[in-house]
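Each chain is listed here by its residues.
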Amino acid sequence: MNKVWCGYYEGNLKSKRVQEKCGFKPHKIIKDSPVPLLNEKRTVYVNELSKEDWEARQVFKI
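Residues numbered from 1 in each chain as written. Predicted model: local features only at pLDDT ≥ 70, side-chain atom pairs only at ≥ 80, totals over all residues. Heavy atoms only, no water.

Caption draft 1: Just the overall build of the chain, in detail. Helix and strand counts for the chain stand at two helices and three strands. The secondary structure elements of the chain, listed N-terminal to C-terminal, are β-α-β-β-α. The C-alpha radius of gyration of the chain comes to 14 Å, more than 25% above the 11 Å expected for a compact globule of 62 residues. If you line up the chain on its principal axes, its C-alpha atoms span 45 × 25 × 15 Å. The 62 residues of the chain split such that 21% are buried. Within the chain, contacts between residues at least 6 apart in sequence are counted, and of these 49% link residues at least 24 apart. Summed over all atoms, the accessible surface of the chain reaches about 5,300 Å², with 56% contributed by carbon and sulfur. (Helix = DSSP H or I, 4+ residues; strand = E, 2+ residues; numbered from the N terminus. Rg over C-alpha atoms; globule rule 2.2 N^0.38 Å. Buried < 20%, exposed > 50% of the residue type's maximum accessible area, 1.4 Å probe, protein only. Contact = heavy atoms within 4.5 Å. Areas by Shrake-Rupley, 256 points an atom, 1.4 Å probe, with all protein chains shown as cover.)

In structure tokens, the structure reads:
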């Protein structure tokens, strides 16, 4: 696996912070993304973590 993507909805600061702490970097923003279960549209922030970035972070782990 070369990359992992995840995302959060605008305003979900806890999810944003967890993803930042894990090393995810911004990839793209999707405005007006449909959320069928809530029957609404929201802005989605998509983040990515590359294999290289993940491996670089492992050097500092015990």
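Caption draft 2: A look at the pairing of strand S2 (residues 25-35). Pairing of S2 with strand S3 (residues 40-50) involves eight bridges; the strand directions are antiparallel. Bridged to Lys25 within S3 is Glu48. (Pairing = 2+ DSSP bridges.)

Caption draft 3: Quick look at the packing of aromatic side chains. In this structure the tally under the stated criterion is one aromatic pair. Judged by centre distance (5.2 Å) and plane angle (10°), the ring pair of Tyr8 and Tyr45 falls under stacked. Residue Tyr8 is found in strand S1 (residues 3-9), and its partner Tyr45 is found in strand S3; the two are separated by 37 residues along the sequence. Judged by relative accessible area, which is 11%, Tyr8 ranks as buried. The ring of Tyr9 carries the charged tip of Arg42 above its face, separated from the ring centre by 5.0 Å. (Phe/Tyr/Trp six-rings, centres within 6.5 Å; stacked < 30°, edge-to-face > 60°. Lys NZ or Arg CZ within 6 Å of the ring centre and 35° of its normal.)

Caption draft 4: Structural view of unusual backbone geometry. Positive phi values are uncommon outside glycine, yet Asp32 reaches one of about 55°. For Asp32, the location among the structural elements is in strand S2. Owing to a relative accessible area of 54%, Asp32 belongs among the exposed residues under this scheme. With phi around 55°, Asn39 is a residue other than glycine that occupies positive phi space. As for its position among the elements, Asn39 is in the loop between S2 and S3. A relative accessible area of 72% means that Asn39 is categorised as exposed.

Honestly, that's just the spatial picture; any functional story needs more than this.
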